[in-house]
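Close look at the chain arrangement
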Amino acid sequence: MAEPVRPVRHEPHPDTPRDTHNPIDVDPETCISCVVCDYVCPGDIIYAPDPTSNDLPVIKYPDECWYCGLCQQACPTDAITVVFPERMLASTSPVEALIGVLPPEYGGITVTDADRGGAGDRG
Amino acid sequence: MTEGGTLRRLETDVLIIGGGVAGSLAAHEAREAGREVLILDKAKLLERAGSVGGGVDQYLTPMDSGAEWDTPSNLLLHIPTLTDGLVDMEVAARVVHEMPEVLRRLEGMGIDFKDPDTGEYLRTRAFGLPGEFHLNFDGKRFKYRIAKAVKKGGSRFIGRAMATDILIDPDTGEAFGALGFNVRTGEWYVIRARAVIVATGEVNRIARNASGLPFDSWHYPYNTGDGHAMAFRVGAELTNMEFVEATLTPRGFSVQGTNSYAGLGAHFVNRHGERYMFKYDPKGEKARRTMLIEGWVAETRAGNGPLYIDLRHLPDNVLDHFERTLGVDRETLPDFFAQKGIDLRRDLIEIVVSEVSIRRGGVYFRGSGLMVDPDGETSVANLYAAGDCSIVSGGIAGAAALGAVTGRAAAARAAVRERLPEVDDASIESARERVTAPLGRGDGLGWREFEDEIRSLVTDHLGLTREERGMRRALDGLLALGRREPELAASNWHHLMRVHESTSIRLCAEILARTAIERQESRSGAAHRRVDFPETSEAWRRLIVVKRGDDGSPVLRHRDPDDRTSVAPPAALVRG
C-alpha cells in the first residue's frame, strides 16, 4: 500500500516578502514529523506540525534565517538540508558601497601607528 | 493568535534576561550561592540559546599553568594597550582574575577543552596577545553542556520569552523585576526579582552586507540591543557605543573564521596577485582584525579588488585540519563552499567586509554597552549586566567570567533584600498597552522597511567611513525614524518581537550617531574612522558615557576611564 502523500508546504507567513528563498529543505521521505527542528531554531522560524499529524514542518519566517544549521545538525533522521540562496552564493551587489560614503574633499584613509597598536580579536 | 491575554506572575531572587554564556554562568553562580534563579530567553531551549548555541572553537584564558606569561596579572598588564585605553581597569581586573577559576568550573560541567588527538590543551598565540592565551577546542557541545549543568543546578528557564521592560521601584529607584511576553502565545510575564541581570549580547542587524540579507550576519542576528535599550530607558549608563566591529568574510556569507585563515598562514591577495596586507601593517595577514578591515577598504578604494584568500600554498596536513574544523563555529560553512562550488585546495576565495555591528570595536576586554562596576552592577541599583552588552567583553571567556562575577554579586544582594514592591495592575496594563500597540495597527509601517532605512543610514555614514556632515544627516534620519515608531505594525506575537527588536536597533544607532559625532578623533582603526579627524589623540583617551535625559533623548558626558569621575570635554569640543 502506498504511503500517504506528504506535500512539502512552503507556507511562509503572509507578511513575508514575495519570492523569499526557502533556506530549509525538508525531505518528505525521511522527516518523522517530530519537533526537534522547531525547538532548536534560535530565530523562531520553523514551526513543527501537530505531533499527531503526518505533516511536515513549516518554514514560517524564511527571510529571518541565520543559516546556522542547528536544525540540520539536530534532525534525528538527517531530513534537513540548508540551502543557500543565489544572493549569497553569487552575490553581485557592489561591495564598495559597504565602505560608506566618502565626501569628495577627503582623498582616502590615513593609517597611523595607533591603529596598528593593541591586539586584535579572534572569532 | 494575537489575543494573548493570560498573565503569569512570578517571583524569584535573581532574574536573568538572556540565556547565553554570560547569563548561564550568572545563573550557575547565583544558584550555587543558594538563591532562586529564573532565566528568560527568546530562544526555546537554553541548550541552544545565545550566540554560541551552535558551537565555538576558541576560548581565551590565562590558565596559571606555571609558565611565567600564563597568569591573569601578566595578561592584565597588556589590557590598556589591547583596549586602546578605553576600559575600566578595575572591572577588567575582576574579569581576568576570574578566568582560570571559570575555566575549571566549565571543565567541571563536562566541557573538554583538550585536543582529542593529543589529550593536551592546544594553545595558540594570536594578534599581539602576550602569550598563547587562545585555547583551540571542539566546542560543538559547549553551550549544551553549560545549559545542562545550569538546569541540573535548579535554575528555572522560560524560553521564547522577550523581556520588554525593567521594573523600577519608584520609591528607591532600584530594579525589582521585568515584564515580558511569549513570542508565540502572547502569554505575559510579570516577574518580581531581588536582583536583575541583563545579558542580552551585542547589537546586530544594524548595517548592510554583501548579500543584502539582514539576518545573514557574522554575529547572532537575534541579538539586537534589547538589553541596552531596556536599561537605557530606566536610566542606566552606556559607554563606547561609537565603536563598530566588522570582519572579513567569504563574499555572500557573513561568518566567523577570518582568524582561522589568517592564523593558518593564508595569503590575502588582490586582483594583481599581490599580498597587499604588508602595505598597511608589518604583521601582514596577522595584523589585528581592524587592520585587516583597513587593508581591505584601502585596496578596494584603490581599485585593486576583488580581494581573495589564497590557501593553495599550504601543506596538505594544514588544509586537512582546516577542512575538518571549518564547521565547528558555523555548521553550514562547508555546505556554503560546496554549494558555491569552491574547492579550498584549488580556488581563491573572494573576501569582503561584513556588516558592522556595535560590539566591542574589534578589541578584547573593551565592550560597547552598559557601564558596570567591578561587581557587574550598572548605574541603576540592583540592575547588573554581563557579556557583550556590558563594558567588558572578552568573547565567550569574558562573558563567562563577568557572568560568574555578577551572578555572585546579584545573589549576595538578593540575599539581603527582603521587601519587594508590589506591581500595581494599572502600570502592568499601561505597559501592555504600549508594548502590544503595534498589533492593532493593521497595515502600518513594517519592521523590515523600518530596519532597512536604519541599515542604509548606518552603512553610508556611521560605519567604516565617518565625517561630521554625513553623520549628522544619518542622525537626522534616525530621529525621523524614531518619530515614526508609533506607526510600526505587527500581525502576530512573532512580528511583535521583531518590531521591538527594530526599535532597540534604532535607539542604539541613534546613540552610535551621537557618540561618533562627539568623538573628534579616530581610534581603534576601522572601529572609529573619522576622515575629518584622522589622528588618535591622547586628549580623547576618555569614555563617552550616555544616559537618558529628562526628555528621553540621550545625554552625553565624558569620563576618565581610570577613576570614574566626569571630566570636561577636550577644548576643541567646547563650543560657543
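Residues numbered from 1 in each chain as written. Chains lettered and ligands numbered in written order. Predicted model: local features only at pLDDT ≥ 70, side-chain atom pairs only at ≥ 80, totals over all residues. Heavy atoms only, no water.

It is worth spelling out the environment of Gly265(B) at this point. Residues and elements named next belong to chain B. Among the structural elements, Gly265 can be located in the loop between helix H7 (258–264) and strand S12 (267–269). Overall, Gly265 belongs to the partly exposed group, its relative accessible area being 22%. Distance in space between the C-alpha atoms of Gly265 and Leu311 is 7.8 Å, their sequence separation being 46 residues. (Helix = DSSP H or I, 4+ residues; strand = E, 2+ residues; numbered from the N terminus. Buried < 20%, exposed > 50% of the residue type's maximum accessible area, 1.4 Å probe, protein only.)

Once that is clear, we can look at the packing of aromatic side chains. All names here are of chain B. One pass over the full model with this rule turns up 19 aromatic pairs over all chains. Between Phe137 and Phe142, the ring centres sit 5.8 Å apart and the planes meet at 70°, which makes this aromatic pair edge-to-face. Phe142 matches Phe137 in its accessibility class, with the two residues each being buried. With a centroid separation of 5.6 Å and 45° between ring planes, the pair formed by Phe181 and Trp493 is classed as tilted. Of this pair, Phe181 sits in strand S8 (residues 175–182) while Trp493 sits in helix H15 (residues 493–518), and the two are 312 residues apart along the sequence. A residue is classified by how much of its surface remains accessible, and Phe181, at 0% relative accessible area, is buried. The buried category is assigned to Trp493, whose relative accessible area is 2%. (Phe/Tyr/Trp six-rings, centres within 6.5 Å; stacked < 30°, edge-to-face > 60°.)

So, about the interface of chain A and chain B. By a widespread convention, an interface's size corresponds to the accessible area lost as its parts come together. Tallying the contact residues gives 61 residues for chain A and 96 residues for chain B. For the pair chain A and chain B, the two sides together bury roughly 6700 Å², of which 53% comes from carbon and sulfur. Linking chain A with chain B are eight salt bridges. Run the count over chain A and chain B and you get 34 residue pairs in polar contact (both at pLDDT 80 or more). Residue composition of the side of chain A that touches chain B, by class: 31 nonpolar, 17 polar and 13 charged. (Contact = heavy atoms within 4.5 Å. Buried area = accessible area lost by both parts, 1.4 Å probe. Salt bridge = Lys/Arg side-chain N within 4 Å of Asp/Glu carboxyl O. Polar contact = N/O pair within 3.5 Å; in protein donor to acceptor, adjacent residues only side chain to side chain. Nonpolar A, V, L, I, M, F, W, Y, C, P; charged D, E, K, R; others polar.)

What follows deals with the sheet that holds strand S4 (residues 122–124) of chain B. For sheets, the rule is that strands pair by backbone hydrogen bonds, running either parallel or antiparallel. All names here are of chain B. Pairing in this open sheet of three strands is antiparallel, and the strands run S3-S5-S4 from one edge to the other. The sheet is open, and its two edges are formed by strand S3 (58–60) and S4, each paired on a single side. Direction aside, the axes of adjacent strands within the sheet are offset by 35° on average. Here three bridges tie S4 to strand S5 (residues 134–136), and the two strands are oriented antiparallel to one another. (Pairing = 2+ DSSP bridges. Axes fitted to C-alpha atoms, helices over the stretch in contact; angles between N-to-C directions.)

Our focus in this paragraph is the pairing of strand S9 (residues 188–198) of chain B. Residues and elements named next belong to chain B. With 11 of 11 residues buried, S9 lies mostly within the body of the structure. By the bridge criterion, 10 bridges tie strand S1 (residues 7–17) to S9 in an arrangement that is parallel. From the neighbouring strand, Glu11 faces S9, where its bridge partner is Arg192. What sits between S8 and S9 in their antiparallel hairpin is a turn of five residues, with Gly186 showing a positive phi close to 80°.

Residue and element names in this part refer to chain B. With 16 residues, helix H14 (residues 468–483) should reach 22 Å at 1.5 Å per residue; the first-to-last C-alpha distance of 23 Å fits that figure. Taken together, the buried positions of H14 are occupied by Gly470, Met471, Ala474, Leu475, Leu478 and Leu481. Angularly, the buried residues of H14 cover 140° about the axis, an arc narrow enough to put them on a single face. In this structure, H14 carries Arg473, Asp476 and Arg483 as exposed residues pointing more than 90 degrees from its buried face. (Expected span 1.5 Å × (residues − 1). Arc of directions from axis to C-beta.)

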